[in-house]
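Given next are the chains, with one letter for each unit.
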Amino acid sequence: MTNNDNIQLKVDVLKKQALKEFEEWCKYPHPTFHCGPIFKHLINRIKAIGFQPQNDLYNKDENYGNVWFDIPATPGCENWKKLLFQGHMDMVYAGPKDGFDKPITPVYDEIIDSKTNTKQKVIHSKDYLTSLGADDGIGIATMLAIAQDKNIKHGPIRFIITGDEENGSAGAEFIKPEVFDSDYLINVDGELDCGLAIACYGTCNYTFRKELSVTNKDLLPNCFRMDAHGFHGGHSGEDVGFRFANAERICWQILNDLLPNGQFQIIKVDHCNEKGIDQQYQSNAIIPNAGITFLTNLTQEQINDGIIKTIESMKNKYRGENWNNIKIATASADKASYVLSADDSKKVITLLGSETKGLVCGLVNCLDETKHVPGASGNIGPTNLDTTKQSNGVVVFDTKGVDRSYLASDILVCDGAEKATDKTNIKRSFIDTWESIFGYSSQQNLCRVTAIRAWEDHQVNPLRDLLVKGYRDVAKKEPKLVSLYGVLEQAYFLSKKPDMLMITIGPRIESCHTNKETLYLDTMDAEYKALIYTIENFDKV
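None of these values were measured; they are calculated from a predicted model.

The rules behind the values
Residues numbered from 1 in each chain as written. Predicted model: local features only at pLDDT ≥ 70, side-chain atom pairs only at ≥ 80, totals over all residues. Heavy atoms only, no water. Pairing = 2+ DSSP bridges. Helix = DSSP H or I, 4+ residues; strand = E, 2+ residues; numbered from the N terminus. Core = buried A, V, L, I, M, F, W, Y, C linked by side-chain atoms within 4.5 Å. Buried < 20%, exposed > 50% of the residue type's maximum accessible area, 1.4 Å probe, protein only. Contact = heavy atoms within 4.5 Å. Polar contact = N/O pair within 3.5 Å; in protein donor to acceptor, adjacent residues only side chain to side chain. Salt bridge = Lys/Arg side-chain N within 4 Å of Asp/Glu carboxyl O. pLDDT = per-residue confidence, 0-100.

### Description of the sheet that holds strand 6 (residues 119-125)
Phase 1 of the analysis: If you trace the 4 strands from one edge of the open sheet to the other, you get 5-6-27-26, paired in antiparallel fashion. Taken across any chain shown, the strands that pair with only one partner, and hence form the sheet edges, are strand 5 (106-112) and strand 26 (509-510).
Phase 2 of the analysis: Where strand 6 lies against strand 27 (residues 518-520), 3 bridges are found, and the strand directions are antiparallel. When the sheet's bridge partners are listed, Ile123 is paired in strand 27 with Leu519.

### Structural notes on the nonpolar core
Phase 1 of the analysis: The biggest cluster of nonpolar side chains holds 74 residues, and the ones touching the most others in it are Phe85 and Ile186.
Phase 2 of the analysis: Ranked by the residues each element gives to this core, the list is headed by helix 3 (residues 134-148), at 9 residues.
Phase 3 of the analysis: Not counting residues up to four positions away in its chain, the partners in contact with Phe85 are Met143, Ile146, Ile157, Arg158, Phe159, Ile160, Ile186, Val188, Leu531 and Ile535.
Phase 4 of the analysis: In terms of nonpolar packing, the next biggest core, distinct from the first, is built from 41 residues, Val214, Leu259, Met314 and Trp323 among them.

### What to know about the side chain of Ser182
Phase 1 of the analysis: Inspection of the secondary structure assignment puts Ser182 in the loop between helix 4 (170-174) and strand 8 (184-187).
Phase 2 of the analysis: A polar side-chain atom of Ser182 sits 2.5 Å from the main-chain carbonyl oxygen of Lys82.
Phase 3 of the analysis: Among the polar contacts made by the side chain of Ser182, one reaches the main-chain amide nitrogen of Tyr184 at a distance of 3.2 Å.
Phase 4 of the analysis: With sequence-adjacent residues up to four places away left out, Ser182 is seen in contact with Lys82, Leu83, Leu84, Lys497 and Met500.

### Brief notes about the pattern of salt bridges
Phase 1 of the analysis: Here the structure, examined in full by the defined rule, presents 22 salt bridges.
Phase 2 of the analysis: One salt bridge in this structure joins Asp101 and Lys102, with 3.9 Å as the shortest N-O distance.
Phase 3 of the analysis: By relative accessible area, which is 44% here, Lys102 ends up partly exposed.
Phase 4 of the analysis: The salt bridge involving Arg158 is made with Asp181; its shortest N-O contact spans 3.6 Å. Here Asp181 lies in the loop between helix 4 and strand 8 and Arg158 lies in strand 7 (residues 157-162), a separation of 23 residues in the sequence.
Phase 5 of the analysis: Take Arg158: its relative accessible area is 8%, and that puts it in the buried class.
Phase 6 of the analysis: Sharing partners across several salt bridges, the network here consists of Asp70, Lys82, Arg158 and Asp181.

### Topic: the confidence of the model for the protein chain
Do not read the predicted coordinates in detail wherever pLDDT is low.
Phase 1 of the analysis: Here the protein chain shows a mean pLDDT of 84. Residues at 70 or above account for 83%.
Phase 2 of the analysis: The low-confidence segment residues 405-428, where pLDDT is below 50, has 57 contacts with residues more than four positions distant or belonging to other chains.
Phase 3 of the analysis: The low-confidence segment residues 441-445 (pLDDT under 50) makes 2 contacts with residues lying over four places distant or belonging to another chain.

### Some remarks on the pairing of strand 25 (residues 501-504)
Phase 1 of the analysis: Residues Leu501 and Ile503 line one face of strand 25 and the alternating positions Met502 and Thr504 line the opposite face, and both faces are buried.
Phase 2 of the analysis: Relative to strand 25, strand 8 is paired through 4 bridges, and the arrangement is parallel. For Ile186, the partnering residue across the bridge sits in strand 25 and is Ile503.

### What about unusual backbone geometry?
Phase 1 of the analysis: Residue Asp136 is reached from Asp135 by a cis peptide bond, and omega for that bond is 5 degrees.
Phase 2 of the analysis: For Asp136, the location among the structural elements is in helix 3.
Phase 3 of the analysis: The residue Asp127 is not glycine, and still its phi comes out positive at about 60 degrees.
Phase 4 of the analysis: Tracing the sequence through the fold places Asp127 in the loop between strand 6 and helix 3.
Phase 5 of the analysis: Of note, Asp164 is a non-glycine position whose phi angle comes to about 60 degrees, a positive value.

Listed below in structure tokens is the structure:
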């Protein structure tokens, strides 16, 4: 047997076990902030394969937390330096609201890859009904498979599984520094074929919340529903750089462009797909479906003319979209007993629909065509606003924003807008716009900002060099060294262990954070060859 045959055999064994672990993983619901079931499965699974898990229960409400466990070195490798692996247990759920707490059904399939025009073996959810959770379920499955593999020579390894990465990285923020008892960490949350993330952009997460007034008097005469369907959707961290548009953001902009010509009174916002099934999205998903029901003094013809004008102005900006597939239309709707007042409706429309201020989505401002992702961009999460559920004459309005800045190492960890440093003022306009429209008070918790700093690769990084050599010499692939918007957990890790060397790896996963999420199985081979080479040669570090 040649060395190449031996490596491929190890890859085949590791891949088979990882996919088995992933199939089992999908049986347990694990949306962000709701990881109780998967936490219990993880604890039980680690014990079942012969290791002792440790954990911290930072989420007391649902009784889960970060998990880590150690595996001893292969005999003769006890003196090697320890290697850390890390991934996150939660997923971005995108799909029908009634499926939020149900298992995911993975389906093996063969498709024609639009990028290469070749057949590819893949996994996606059944009927593309929900997101798959390969981000980062396949990373956790890979770690569990490595822990069980008797064919891979290795030194001491610690596996770390954090919670709630997808919306604020609560697990990474909470985890104690002593868990990182090595200077070398491989994060298995990558999504790029032959990609190694060696740095990440900073982020600011915004949460806006306010009670607004509703009325049943002086109602505008016409009631319409505007629906937007057919948008690509995607990961607000990575895919936003490929010029995909947010369906809800586009709807707000259409109404904002029409404000000079008429008035509006918002009734509700939802995210129904073309079949009328209301979908659930998180703030770090680019929303592909949206609907806004409203009263107005404009006619349907005037609204439709406005749609055409706004869309024409958006086509050049969001060039990643297939505009032939996108449908934005209005239809008559039933009036509600209560609506948002015209004044507050205008404020909401201005905040979420203004092109030059407020929250923005997609490719904006600092464009750098030479980079994998744009210099600055943002995304709005699903808006919660429904006057049919009002009480006492008020309705809760809340929305979330995610801003990304490409100034590596320039954004500091902070919590609360009042603590924002000059370095976070690059996106202070978001807060200023909220304050100018609604007023701002940190005491009333109307606006909350969490800024997470970026992290950068060290010039000397033997961990990176081993993985690069594994790709080149064993997998015969040229790795892509990139800086990403994602992998923000490592920014928190650096605050706990500043000199730790980190890198991110993973298979190709397309359309993360959407119901079209797809894991490309053949790309796991090159990833596993690079990982096995690195693990077995870690004595060289």
